[in-house]
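# Summary of the model geometry
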Amino acid sequence: MSGILARIGSMGGGFPDQKVMKGHEGTIRQTCFSSDGKLAVTASGDHTARVWDLESFQCISVMGSCPKNLTGGGIGTGHEHVVSGCDFSPDCTLICTSSNDKAVRIWRVSNGECLAILQGHMQIVNCCRWAPDGSAIISGSSDRCIRGWRLQDNGDGDMSKFKWGNGTVLEFAFGDCSSSLAEEHKDTDEFQRLAFKRREHLPNMRCLLTTMQGHSGSISALDFSPGAGLEGGYIASVGSDMEPHVWDCKKALCIDTAKHSLHVKMTPHRRAALTCAFSPTGEVLATGGQDCSVLLHRVSDGSLLREVAAGDSYVTCVSFMGFDDQARPESEEAYLLVSTGATKIKVFSISDPSFNKTLQQAGRAVNTLALTRRSQAWQGQLGLLIGGGDNSLSYVPKFSF
């Protein structure tokens, strides 16, 4: 079975076998599984990210700290504002986070240590993703740009091998971010001081920055096609300009070709687009937005395959699901799972417009969802994460309808 999960408005976790994990002091903005299904990470309005063990249901590391005066504009350690996005590295040892403080950070999963700060966006950063091949991190911002960050140590881009950390945070900053740059550190005196400090610690470390420009509005969400990276695949982006974009990943991550990496623009939403996700085969892109619909696009040429009316509330999260990575979203067994502004989850068949099923009541507001086919607790079952407006994370190890 394959399908699409679309999260709209508010949803909750009224599932009998759910495990609820608490610790955040602010709304959970995003959550995702590690590639092996054993861990989850959450990004929160309390200025922190947390990593959770899905076997013990405990928080095993905290990235940053919550300010003592959260509502009064205080700051803690780590990000200085809301953490808007998060993602695991493919080997599950690192995470990246994005924030309203205009920065992207890299952290060690095992102890929550901040390893690097990536600065270059001119406005708040709304999302970040780690390339499936581990070669790069991408981030999307209200400055209308997508940045590609590639760290190298003596020319080696395998971040899992870097000898970094141990109390020293690497800082990479770019002053002129209107073009693709490679170590053109010509910012303020403060940055020059930080750059000097960085080179004393790891003088052979460098950051390659590429910029993808084409959107006319804020970037809301990003996704990589399966297996994408330096050798190929695609990057999808959506934002307030309503028009989904797909980029050639190989070109986008190369300084010489980033400016010419746009692959195709797709059928726009009628209002701002908020979320996007590739199918398991990478052949179809699902996007959702403020027009309360999910659009299914063919990646090869950008053509619209189908529009699904998802209710009367915003679509804010989409994700394909299924037991077989080769299952096609056009197949008879494909479904669209939708949560509306009410506390219910609905199921729509992609191939049969007459199919409409309402699941059990959710019971609480939800801001983000994530699915995995590699639920460690229940082999062969779908695992579901629900990030709530009540600051808690719910894990449903056996999600089904």
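Described in the following lines is the structure provided in the data block. (Residues numbered from 1 in each chain as written. Predicted model: local features only at pLDDT ≥ 70, side-chain atom pairs only at ≥ 80, totals over all residues. Heavy atoms only, no water.)

### Section: the overall build of the protein
- Summing up its helical and strand segments, the protein has 2 helices and 31 strands in all.
- Considering only residue pairs separated by 6 or more positions, the protein has 56% of its internal contacts joining residues 24 or more positions apart.
- For the protein, the accessible surface area stands at approximately 15700 Å², while carbon and sulfur atoms represent 45% of it. (Helix = DSSP H or I, 4+ residues; strand = E, 2+ residues; numbered from the N terminus. Contact = heavy atoms within 4.5 Å. Areas by Shrake-Rupley, 256 points an atom, 1.4 Å probe, with all protein chains shown as cover.)

### Some details on the pairing of strand E19 (residues 245-248)
- One ladder, built from 4 bridges, connects strand E18 (residues 234-239) with E19; its direction is antiparallel. Its bridge partner lying in E19, Ile 235 is registered against Trp 247.
- Two successive antiparallel strands, E18 and E19, enclose a turn made up of 5 residues, where Met 242 displays a positive phi of approximately 75°.
- Summarising the sheet, E19 and strand E20 (residues 262-265) pair through 3 bridges and their orientation is antiparallel. Paired with His 245 across the bridge in E20 is Lys 265. (Pairing = 2+ DSSP bridges.)

### Some remarks on the packing of aromatic side chains
- As enumerated under the stated definition, the model contains 3 aromatic pairs in all.
- Ring plane angle 80° and centroid distance 5.1 Å describe the contact between Phe 162 and Trp 164, whose orientation is recorded as edge-to-face.
- Since its relative accessible area comes to 8%, Phe 162 is described here as buried.
- A relative accessible area of 3% places Trp 164 in the buried class.
- Cluster of aromatic residues (ring-pair linked, three or more members): Phe 33, Phe 57 and Tyr 395. (Phe/Tyr/Trp six-rings, centres within 6.5 Å; stacked < 30°, edge-to-face > 60°. Buried < 20%, exposed > 50% of the residue type's maximum accessible area, 1.4 Å probe, protein only.)

### Some details on the nonpolar core
- Core analysis: the largest hydrophobic core is formed by 23 residues, its most contacted members being Ile 106, Leu 118, Trp 149, Leu 151, Met 159, Trp 164 and Phe 172.
- Mapped by element, the contributors of at least two residues to this core are strand E8 (94-99), strand E9 (103-108), strand E10 (114-119), strand E11 (125-130), strand E13 (145-153), strand E14 (170-173) and strand E16 (205-213).
- Ignoring any residue separated from it by four or fewer positions in sequence, one finds Ile 106 in contact with Leu 94, Ile 95, Glu 113, Cys 114, Leu 115, Ala 116, Leu 118, Trp 130, Ile 137, Leu 151, Met 159 and Trp 164.
- By size, the runner-up hydrophobic cluster in this structure holds 16 residues, among which are Val 41, Ala 49, Val 51 and Met 63. (Core = buried A, V, L, I, M, F, W, Y, C linked by side-chain atoms within 4.5 Å.)

### Comments concerning unusual backbone geometry
- One non-glycine residue, Phe 57, lies in the positive phi region at around 60°.
- Within the element layout of this structure, Phe 57 appears in the loop between strand E5 (49-53) and strand E6 (58-63).
- Look at Phe 57 and you get partly exposed, because its relative accessible area is 27%.
- The residue Asn 166 is not glycine, and still its phi comes out positive at about 55°.
- Overall, the relative accessible area of 73% leaves Asn 166 in the exposed class.

### So, the sheet that holds strand E4 (residues 39-44)
- As summarised here, the arrangement of the 4 strands in space is E3-E4-E5-E6, forming an open sheet in which the pairing is antiparallel. Across the chains shown, the open sheet's two edge strands, defined by having one partner strand only, are strand E3 (28-33) and E6. Averaged over all neighbouring strand pairs, the angle between strand axes comes to 20°, with direction disregarded.
- Looking at chain direction, E5 and E6 are connected through 5 bridges and run antiparallel. (Axes fitted to C-alpha atoms, helices over the stretch in contact; angles between N-to-C directions.)

### Remarks on the side chain of Ser 141
- Tracing the backbone shows Ser 141 in strand E12 (residues 137-141).
- Those residues in contact with Ser 141 that sit more than four places away from it in its chain are His 121, Gln 123, Ile 124, Val 125, Asn 126, Ser 218 and Ile 219.

### Describing the environment of Leu 208
- One can find Leu 208 in strand E16.
- Linking Leu 208 and Trp 149, residues 59 residues apart in sequence, is a C-alpha distance of 5.9 Å.

### Regarding the state of the cysteines
- Counted by the stated rule, this structure contains 0 disulfides.
- In this structure Cys 317 is a free cysteine whose sulfur lies 10.0 Å from that of Cys 276, the closest cysteine sulfur available. (Disulfide = S-S within 2.5 Å.)

### What to know about the pattern of salt bridges
- Counting across every chain of the model gives 6 salt bridges.
- Between Asp 143 and Arg 147 there is a salt bridge, and its shortest N-O distance comes to 3.1 Å.
- Put simply, Asp 158 and Lys 161 hold a salt bridge, and the shortest N to O gap is 3.9 Å.
- Take Lys 161: its relative accessible area is 55%, and that puts it in the exposed class.
- One continuous salt-bridge network, built from bridges that share partners, spans Asp 87, Arg 129 and Asp 223. (Salt bridge = Lys/Arg side-chain N within 4 Å of Asp/Glu carboxyl O.)

### Description of the pairing of E9
- For E9, the buried fraction is high: 5 of the 6 residues fall into the buried class.
- As paired strands, E8 and E9 are joined by 5 bridges and run antiparallel to one another. Bridging across to E9, Cys 96 finds its partner in Ile 106.
- Here E8 folds back onto E9 in antiparallel fashion, the turn holding 3 residues, of which Lys 102 has a positive phi close to 80°.
- Bridge count between E9 and E10: 5 bridges; the pairing is antiparallel. Residue pairing across strands places Val 104 opposite Leu 118, the latter belonging to E10.
- The turn linking E9 back onto E10 is made up of 5 residues, and Gly 112 within it adopts a positive phi angle of 75°.

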